[in-house]
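The primary structure of each chain is shown beneath.
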Amino acid sequence: MGSTHDTSVQTVVLGITGCIAAYKACELTRALMREGIRVKAVMTEAATHFVGPLTLRTLTDQPVAVSLWDDPGSSPVHHISLAEEADVFVIAPATANVIAKLAQGRADDILTTTALATEATLVIAPAMNTHMWRAEATRANLQTLRDRGAVIVEPESGELACGDVGEGRLAPLEDIMDAVRYELSRSLDLSDRHVLVTAGPTYEPIDPVRFIGNASSGKTGYAIAEECARRGARVTLVSGPTALSDPFEVDTVRVTTALEMQAAVRRAFGDADAVIATAAVSDFRPEVFSSDKVKKGEAPDSVRLVRNPDILEGLGEDKIDTVLIGFAAETQDVEQYARLKLESKNLDLVVANDVSVPGLGFGGDMNKVILVDRHGTRELPTASKRVIARSIADELSRLLCERDIRL
Ligand code: C5P
């Protein structure tokens, strides 16, 4: 999460890499500081050939990190403390080499090590020769980083240091500042909120080894829980069985059945400001549970099912001012069914997706959703579940503000 030492001042960790545009990082530093932002610079070794660390040390009035072997000062593990202090991690200018290292998750210098360790959003402003910018490898690396939630501030066209004219010049300072301001504004926009997220499938046991379940991976719900926590919320995640590990800084409650999920949700609902129900709750459960394994030869011809409670619908009936966000996985008339759900379950927003589209939705990392609320319908572009989680947290933040105004 964001800076822990003095939360009244926001911190940008500014990564500077080795290219001719490195001198522009000094101007960026001044612009950030003029807005009351604390800047901590971290430089690659190559960057120090273009700008002296002393310049940044003087401008920022903070120590400048240039090596993994720096004198650590007050912190024994410098790159980790820097990573934790960042509300936003800006890399400007970012070379093709550092972009490639970030995409691979390499951590062989102070900058890439800190970037790998941070939970803050990465704002990357590339600067390089046109051919390097257009290279397939660079395109693929940037897409990987975008899918993981990084914000890329695209370079502009113009005269380059090598004499070429084309795309690759570091974006104008104001574009980088806009991206940083926007990311800082949402870095803590869910502070003091309690958000309850349900995720994953439920398993409804037939006997000790068999169950009725579904293919939900839980990835969307976990990504949302993590995003809300990163933005300052206290998050309770009630999760059915998944292969995912507990998200950072999230109170994760593991359950198996729909009835267990309902009980856990009810316990946390009382002081929740919002519920985001991504769980694919089994609509049915076997009427009887056999405490002994049913032998192959003794299998019944049929298993009688009874309905499970609709957890979200129950919350919709009881809610006073809790923001409720539901999900709808449909195979046809997606928007129409989503709107029906919005009304019948008394929700504030429905996130709907067409699960008949191959490669999207269940299990995978990518999704395409539409957002349906009282005001209308909005289609989001196909994106990683992580990026979609960010848009949903934006919607949540907006809905909570609307609620506060009503109250
Ligand atoms: O009606 P449908 O099952 O399509 O509604 C989906 C939405 O309702 C999801 O947000 C899901 O998490 C929630 N739900 C629930 N309890 C159920 C069934 C669905 O909370 N038993």
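The structure this text deals with has already been given above.
These remarks concern the structure in this document.

### Some remarks on the pairing of strand β11 (residues 234-239)
Point 1. With five of its six residues buried, β11 lies for the most part within the structure.
Point 2. Sheet topology places strand β8 (residues 194-199) next to β11; six bridges connect them, and they run parallel. Residue Leu196 lies in a different strand from β11, and its bridge partner there is Thr236.
Point 3. For β11 and strand β12 (residues 251-254), the ladder comprises four bridges, and the chain directions are parallel. Within β12, the residue paired with Thr236 across the bridge is Asp251.

### Observations concerning the sheet that holds strand β4 (residues 121-126)
Point 1. In spatial order, the strands read β2-β1-β3-β4-β5; together these five strands make up an open sheet with parallel pairing. Every other strand in the sheet has two partners, leaving β2 (38-43) and β5 (151-152) as the edge strands with one partner each.
Point 2. Two strands pair when backbone bridges link them, and strand β1 (residues 11-16) and strand β3 (residues 88-94) are joined in this way by four bridges, in the parallel orientation. Across the sheet, Val12 pairs through a bridge with Val88, a residue of β3.

### Topic: empty space enclosed by the protein
Point 1. Following the criterion strictly, the structure yields two cavities of 30 Å³ or more and no others.
Point 2. Space inside the second largest cavity adds up to approximately 30 Å³.
Point 3. For the second largest cavity, the full set of lining residues is Val323, Asp348, Arg374, Leu399, Glu402 and Arg406.
Point 4. Sort the elements by how many residues they give to the lining of the second largest cavity and helix α13 (residues 385-406) lands first, with three residues.
Point 5. Each residue belonging to the lining of the second largest cavity can be placed in one class, and the counts come to two nonpolar, no polar and four charged.

Reading the values: rules and limits
- Residues numbered from 1 in each chain as written.
- Predicted model: local features only at pLDDT ≥ 70, side-chain atom pairs only at ≥ 80, totals over all residues.
- Heavy atoms only, no water.
- Buried < 20%, exposed > 50% of the residue type's maximum accessible area, 1.4 Å probe, protein only.
- Helix = DSSP H or I, 4+ residues; strand = E, 2+ residues; numbered from the N terminus.
- Pairing = 2+ DSSP bridges.
- 1 Å grid on protein atoms, 1.4 Å probe; cavity = no way out; pocket = protein on both sides within 12 Å on 5 of 7 lines; lining within 4 Å.
- Points joined across faces, edges and corners; volume = space filled by probe spheres on them.
- Nonpolar A, V, L, I, M, F, W, Y, C, P; charged D, E, K, R; others polar.

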